[in-house]
Amino acid sequence: MANSPFDLSNESAYRAWRDAKLAAYPRSVDELIVPLADPRHLTPAEIDALESRCVRANMAIYSAPHLPAADKSLPKMLGQQLGLIHLEGNYLADEDGLSSITPAGEEGSVRGEFIPYTHKPINWHTDGYYNTLDRRILGMTLHCAQDAESGGENALLDHEIAYIQLRDTNPDHIAALMQPDAMTIPARMDDDHVARPEQSGPVFAVDPDGGFLYMRYTARTRSIVWKDDAATQAAVRILTDILTGSEYILTARLRPGMGLICNNVLHTRSAFSDSPEHRRLLYRGRYYDRLSFPAHAA
Ligand SMILES: [Fe+2]
């Protein structure tokens, strides 16, 4: 792409884009919130309001607390209006392709082996970081059907901000994390066969057609191997520092009827407590599409 801000040799394009991005970035999570009358049927004004948040931060939080929250058609139809069509159906997803993220209950169930289906915290990551490049997760939605009694907040950081803070520290860190073998997810083995083959890839990549920045990352230290050279190790250390202390991190506590729509930004989940009568339940959608906003008459 000509004049890409993500071109390490184009300092002036980067500076202009960076300065505008930081100036517009929300400094409070409240700036991300857009009340919706009905997420299934957006008005032109609501589309504009969601788009302006996503332009600034690659994410928006909608709020429709007056509707019954435990209804998957809310996030599903909202996503469809914003270009989120191609859902990833992983094998733990429900039949409609949205995953019900809730503590699994019975010990030893398949879901209970995976951290999302527990009460435990989840460290910084983008969704689908272990996917192959042809199955990149570009869009993600999280709809709250029931919140926890305490905890369960999501920290959020636009991956473009992480890129900026890392590049401002040292552009060599970006170069290191754009190496195609920067990060390797080892194969996951079932009892006697490979459930998922080994995946190597960059942390940061620029889409050759769309020109947008894509990030693939997990802060997990198990089940991940970083390239064993000094440049990669240094870059990962600085990125960890940024995710620990960035002033741009926003923290959301989704209440029933609220949800996140995003271009797969960096996020966490804090530990939480709930009870059998009040189970935390979120519907998550992972998409091969990025958000896109339909043009409409003003
Ligand atoms: Fe996630």
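Placed above this text is the structure.
Residues numbered from 1 in each chain as written. Predicted model: local features only at pLDDT ≥ 70, side-chain atom pairs only at ≥ 80, totals over all residues. Heavy atoms only, no water.

Focus on the sheet that holds strand β11 (residues 199-201)
Test applied: Any two strands with at least two DSSP bridges between them are considered paired. Secondary structure follows DSSP: runs of H or I at least 4 residues long count as helices, runs of E at least 2 residues long count as strands, and numbering of each begins at the N terminus.
Reading across from one edge, β11-β8-β14 is the order of the three strands in this open sheet, with antiparallel pairing throughout. Sheet topology places β11 and β14 (225-226) at the edges, where each strand pairs with a single neighbour. In this structure, strand β8 (residues 183-185) lies alongside β11, joined through three bridges in antiparallel fashion. What sits directly across from Ile185, in β11, is Gln199.

Things to note about the nonpolar core
Our working definition: Here, nonpolar core means buried Ala, Val, Leu, Ile, Met, Phe, Trp, Tyr and Cys residues that are tied together by side-chain atoms lying within 4.5 Å of each other. The rule is simple: take the accessible area with a 1.4 Å probe, protein chains only, and divide by the maximum for that residue type; under 20% is buried, over 50% is exposed, in between is partly exposed. Contacts: residue pairs with any heavy atoms within 4.5 Å of one another.
One finds Met59, Ile61, Leu157, Leu177, Phe204 and Tyr217 to be the most contacted residues of the largest nonpolar core, which totals 53 residues. Residues within four places of Ile61 in sequence aside, it is in contact with Val29, Leu32, Ile33, Val34, Leu156, Ala252, Leu254, Met258, Gly259 and Leu260. Judged by nonpolar contacts, the second largest core, of 17 residues, contains Ala49, Leu50, Ala60 and Leu82.

Brief notes about the side chain of Arg136
Along the chain, Arg136 turns up in the loop between β4 (122-125) and β5 (139-146). Here Arg136 falls in the buried class, since its relative accessible area comes to 18%.

Considerations on the coordination of the iron ion
Each donor-metal-donor angle in an ideal tetrahedron of four donors is 109.5 degrees, and each such angle in an ideal octahedron of six donors is either 90 or 180 degrees. What counts here: Each metal site lists N, O and S donors within 2.8 Å (3.2 Å for Na, K and Ca). With water left out of the atoms, a site can look as if it is missing ligands.
For the iron ion, the full set of protein donor atoms is His125 (NE2), Asp127 (OD) and His267 (NE2), and the range of their distances to it is 2.1 to 2.2 Å. Read from N- to C-terminus, the donor residues coordinating the iron ion fall into the pattern H-x1-D-x139-H.

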